[in-house]
Amino acid sequence: MRDFEFCGDLTPEQTDLKYIWHPCSQMKDYEELAPIVIDHAKGVWLYDIHGKKYLDIVSSWWANLLGHSNEIISRAISEQLRRMEHVIFANFTHAPAIQLACELAKIVPPQIKKFHFNDNGSAAVECALKMCFQFYLQTGKPRKQRFFCLTDGYHGETIGALAVGSMDLYTKIYQPMMMETIPVQAPDCYRCPFGKLRGCCQCECFQAAEKAFAEHASECAAIILEPLLQGSAGMRVYPALYLKKMRALCDAYDVKLIVDEIATGFGRTGKMFACDHAGISPDVMCLSKGLTGGYLPMSVTCVTQEIYDAFYADYNEGKAFLHSHTYAGNPLGCAAALAVQKILREEPVIETANKNAVWLTQELEQAFETHPHVGEIRHIGLIHAIELVKDPKTKEPFDSRKRLGYAIYKRALSRGLLLRPLGNVLYFNPPLNITREELQTAINIARQSVREVLG
Ligand SMILES: *Cc1c(COP(=O)(O)O)cnc(C)c1O
């Protein structure tokens, strides 16, 4: 155990709250439930300084892909650390980045040829937007300056990324700071406006995209979307057919397709990338989170040769993409990412996860389907979500101000499960190598916690 002498008379929790402003938190909530001080972690387990352990069923914000303190990844980072921690990535390069680009080239959709490194997901999205904007500026279509996006999307927290995301309560505050986008009504298979059942449709909802493109494509550079899974919207899963149609629509109207695979990449949806379910190749693909196994902040914006070529010219033509982040291409991040690729190549991680996913679906359905407040259990890959509603017949949601999800979160936490909800949607998004036994533990605690709060 570490010593907390620097805390003086305060507890570590009190000292934390004296100085630290935590992300995505109403800090006043911590009066009731202080932040949990984690000492160490292994596999799916987090161990706090008081000796209590928590099963991390949300992969520490969807990032941890292959378990905490994974020996192969940890070793790769410490070996790289002995050689070099970081080096400027303009005019300089290094083996881990070169090798990682080679590995990524083998697994990304076929039209993706070039890799631009950044240091977080939002930055990868900013990069994608700027690249598409500048692409049209430099290929004789300077009027194409705007962006389509899906409603209820999530692409990060910076101003550009927020602008192409959901206009919810917290985003609206910043609206005066943002560019104006053209939102396309996203698919919503649970509450399908066309009255179709999940999996039994022709994506009638795609009309919304067709209409928006017919009206605005001439002024738009790209559409950005989360493929197959709108994560932050409540793990909303939609059909691969929608993506196929979107690829065709983008081709028809000369609009670039930016696919944000930050949450879905590297096996989360049961294939290497969500795009692979639809067999499409996007123009731009954003990667982060699982890229380094959730170890280090790194992202890559991947593009086609066509986009890359529009920036390639004599310096004085002023066509270069002059976007940089200090830690772009960080060698430690690349070493972690290479270790992740090695594991995915050599071990049947995704296949095993897919088998466990089938089992998990059955178990969750058995545990929750008959509960009077379970509206839908939906899933893709190992990701499973349970939407709690006031009335499953009408699908009427619970009043979000009741904070039911948060109440369940607190119960689960006291029992040793980190089950961080999205509103009233509970979800599992564990590391791909979680065992059935660990999943069973999570199911049991989740069921007890739901029962305690909702009866
Ligand atoms: C997490 C996430 C982002 C933002 O990544 P950060 O590293 O948190 O900036 C963007 N898009 C999607 C789909 C994400 O899940």
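Residues numbered from 1 in each chain as written. Predicted model: local features only at pLDDT ≥ 70, side-chain atom pairs only at ≥ 80, totals over all residues. Heavy atoms only, no water.

1. Regarding helix α14 (residues 404-414)
- Among the residues of α14, those classed as buried are Leu404, Gly405, Tyr406, Ile408, Tyr409, Ala412 and Leu413.
- Its buried side turned inward, α14 meets β3 (53-56), β14 (383-391), β16 (417-418), β17 (425-428) and α15 (436-454). (Buried < 20%, exposed > 50% of the residue type's maximum accessible area, 1.4 Å probe, protein only. Helix = DSSP H or I, 4+ residues; strand = E, 2+ residues; numbered from the N terminus. Contact = heavy atoms within 4.5 Å.)

2. Focus: the sheet that holds β3
- Here we have four strands laid out as an open sheet, ordered β1-β2-β3-β16, and mixed in their pairing. Each edge of the open sheet is held by one strand with a lone partner, namely β1 (38-42) and β16.
- Pairing analysis gives four bridges linking β1 to strand β2 (residues 45-48), with the strands arranged antiparallel. Residue pairing across strands places Ala41 opposite Leu46, the latter belonging to β2. (Pairing = 2+ DSSP bridges.)

3. Examining the site of the ligand
- Near the ligand, the surroundings consist of Trp62, Asn120, Gly121, Ser122, Tyr154, His155, Gly156, Glu226, Asp260, Ile262, Ala263 and Lys289.
- Backbone polar atom of Gly121 to an oxygen atom of the ligand: 2.8 Å apart, as the coordinates give it.
- In isolation the ligand has 380 Å² of accessible area, and contact with the protein removes 83% of it.
- Of the residues assigned to the shell around the ligand, the class counts are four nonpolar, five polar and three charged. (Near = heavy atom within 4 Å. Polar contact = N/O pair within 3.5 Å; in protein donor to acceptor, adjacent residues only side chain to side chain. Areas by Shrake-Rupley, 256 points an atom, 1.4 Å probe, with all protein chains shown as cover. Nonpolar A, V, L, I, M, F, W, Y, C, P; charged D, E, K, R; others polar.)

4. Concerning helix α3 (residues 71-83)
- Over its 13 residues, α3 runs 19 Å from end to end, which matches the ideal 18 Å to within 8%, given 1.5 Å per residue.
- Buried residues of α3: Ile73, Ile77 and Gln80, and no others. Each buried residue of α3 sits inside an arc of 65 degrees when the element is viewed along its axis, so together they form one side. Structural note: α3 exposes Glu71 and Arg82 on the side pointing more than 90 degrees away from its buried face. (Expected span 1.5 Å × (residues − 1). Arc of directions from axis to C-beta.)

5. A look at the packing of aromatic side chains
- Per the counting criterion, the structure on display carries 12 aromatic pairs.
- Centre to centre, the rings of Tyr406 and Tyr409 are 5.8 Å apart; their planes meet at 20 degrees, and the pair counts as stacked. Remark: Tyr409 and Tyr406 occur in helix α14; sequence separation between them is three residues, near one turn of the helix.
- Tyr406 gets classed as buried once you look at its relative accessible area, which sits at 18%.
- Among the aromatic residues, those joined into a cluster by ring pairs are Phe148, Phe213 and Tyr253.
- A cation over a ring is seen here: Lys53 above Trp45, with NZ or CZ 4.1 Å from the ring centre. (Phe/Tyr/Trp six-rings, centres within 6.5 Å; stacked < 30°, edge-to-face > 60°. Lys NZ or Arg CZ within 6 Å of the ring centre and 35° of its normal.)

6. Section: the nonpolar core
- Core analysis: the biggest nonpolar cluster contains 112 residues, and Ile57, Tyr242, Met246 and Phe428 have the highest contact counts within it.
- Residues lining this core come from more than one domain, with at least three contributed by each of domain 1 (36-69 + 348-454) and domain 2 (73-346).
- In this structure Met246 touches Phe206, Ala209, Phe213, Ile223, Leu225 and Leu257, once residues within four positions along its chain are discounted.
- Membership of the second largest hydrophobic core comes to 25 residues, among which are Ala128, Tyr136, Val284 and Ala310. (Core = buried A, V, L, I, M, F, W, Y, C linked by side-chain atoms within 4.5 Å. Domains from an automatic or database assignment.)

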